[in-house]
Amino acid sequence: MIEEIKMKFPEAEVKIHNDKRIYLTVGRETSIPLCRYLFEEKGLRFSTATGIDTRECFEILYHFSEDETGIIYTVKAKIPKDEPWQESLGQWYPAFKWIEREIMELLGIEFKNHPDPRPLLTAEDWPRGKYPLRRDYA
């Protein structure tokens, strides 16, 4: 499948971490089509997503499982810090909705076209604009 991915998404940087873990690093513009390809066309199961505030950018890591082989494919989307937004996969797939809400709330990355962007974890009186998983949180 790696060769198919490289042909369909030549901009993807492929890193084979080990026999069961493959990372596909792309920019924001490629991440959604790549996730949709893995989910819809290749039939991989969405496991979860995680968000990270690195020194250079935000990263959203979408983890997909190829259950027959046990291989985990992770799409690593690089999100510029000065434009913290990503298109929502939750607008098409219900499984993505809650984790996108968590990432919005804890990292401050907006998911455009998300069907339900209400806060999920923080208290009603939590100060807006404060994101506890950002490096600059104080």
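What you see as residue numbers is a count from 1 along each chain, following the sequence as written. Confidence filtering applies because this is a predicted model: local features only for residues at pLDDT of at least 70, side-chain atom pairs given and counted only at 80 or more, and all residues used for totals across whole chains, interfaces and linings. For side-chain calculations, the full set of non-hydrogen atoms in the structure is used, while hydrogens and water are omitted.

Asks: For this particular structure, what's the right way to read the side chain of Thr 25?
Replies: The way it works is that DSSP assigns letters per residue, a run of H or I at least four long becomes a helix, a run of E at least two long becomes a strand, and they are numbered from the N terminus. Take Thr 25: it is sitting in strand β2 (residues 21-27). Dropping the residues within four chain positions of it, Thr 25 is found in contact with Glu 11, Ala 12, Glu 13, Lys 76 and Lys 78. We call two residues in contact whenever any of their non-hydrogen atoms come within 4.5 Å of each other.

Asks: Where do I start with the packing of aromatic side chains in this structure?
Replies: Remark: the centre distance and the inter-plane angle together describe each pair of aromatic rings, the angle taken between the planes. When the centres of two rings from Phe, Tyr and Trp lie within 6.5 Å, Trp using its six-membered ring, the rings pair. Their planes under 30 degrees apart give stacked, over 60 give edge-to-face, and anything left gives tilted. Throughout the structure, instances matching the rule amount to ten aromatic pairs. Within the aromatic cluster, the residues linked to one another by ring pairs are Phe 39, Phe 46, Tyr 62, Phe 64, Trp 92, Tyr 93 and Phe 96. Charge-over-ring contacts are defined here by two conditions on Lys NZ or Arg CZ: a distance within 6 Å of the ring centre and an angle within 35 degrees of the ring normal. A cation over an aromatic ring shows up here: Arg 36 above the ring of Trp 92, its NZ or CZ 4.0 Å from the ring centre. Stacked on the ring of Phe 58, the Lys or Arg Lys 81 has its end atom at 5.6 Å from the ring centre.

Asks: Looking at this structure, I do not really get the UniProt feature "domain: NADH:ubiquinone oxidoreductase 30kDa subunit" (unreviewed entry) in the protein. What am I missing?
Replies: UniProt positions are given in the numbering used here, feature names are shortened, and annotations may be inferred rather than shown by experiment. Those residues carrying the UniProt feature "domain: NADH:ubiquinone oxidoreductase 30kDa subunit" (unreviewed entry) are residues 25-137 in this numbering. Between the end C-alpha atoms of residues 25-137 there is a gap of 26 Å, over a span that is 22% helix and 32% strand.

Asks: Would you mind showing me how to read the pairing of β2 here?
Replies: Residues in a regular strand project their side chains so that they alternate between the two faces of the sheet. Among the seven residues in β2, five count as buried, and that is most of the element. Pairing of strand β1 (residues 13-18) with β2 involves five bridges; the strand directions are antiparallel. Counted as the bridge partner of Val 14 is Leu 24 from β2. Note on pairing: two strands pair once DSSP finds at least 2 bridges between them. Remark: two residues form the turn of the hairpin made by β1 and β2, two consecutive strands paired antiparallel. Inspection of the sheet shows β2 paired to strand β5 (residues 71-79) by seven bridges, in the parallel sense. Residue pairing for β5: Leu 24 is matched across the bridge by Val 75. Accessibility here uses a 1.4 Å probe with only protein chains present; expressed as a share of the type maximum, an area under 20% marks a residue as buried, one over 50% as exposed, and anything in between as partly exposed.

Asks: What is the right way to read the sheet that holds β1 from this model?
Replies: Within the open sheet, the five strands sit side by side as β1-β2-β5-β4-β3. Their pairing is mixed. In this open sheet, the two strands that pair with only one neighbour each are β1 and β3 (45-53). Neighbour-to-neighbour, the strand axes of this sheet turn through a mean angle of 20°, independent of strand direction. Axis definition: a line fit to C-alpha positions, over the contact stretch in the case of helices; interaxial angles, taken between N-to-C directions, run 0 to 180 degrees. Relative to the sheet, helix α2 (residues 28-41) contacts β2, β3, β4 (58-66) and β5, its axis offset from that of β2 by approximately 140°. Helix-sheet contacts for helix α3 (residues 97-107) involve β3 and β4, and the interaxial angle to β3 is about 5°.

Asks: What's the story with the pattern of salt bridges in this structure? I'm lost.
Replies: Side chains bearing opposite charge may pair, as long as their charged atoms lie close to each other. We define a salt bridge as a contact between a side-chain nitrogen of Lys or Arg and a carboxyl oxygen of Asp or Glu at a distance within 4 Å. Under the criterion given, the structure shown has nine salt bridges. For Glu 3, the salt bridge goes to Lys 6, with nearest N and O atoms at 3.8 Å. On the criterion of helical spacing, the pair formed by Glu 3 and Lys 6 is a turn pair, its members being three residues apart in helix α1 (residues 2-8). The partner of Arg 36 in a salt bridge is Glu 40, with the nearest N and O atoms 3.0 Å apart. Here the residue Arg 36 and the residue Glu 40 both occupy positions in helix α2, the gap between them amounting to four residues, near one helical turn. Residue Glu 40 is classed as partly exposed on the basis of its relative accessible area, which comes to 45%. What emerges from the salt-bridge pattern is a single network uniting Arg 101, Asp 116 and Arg 118.

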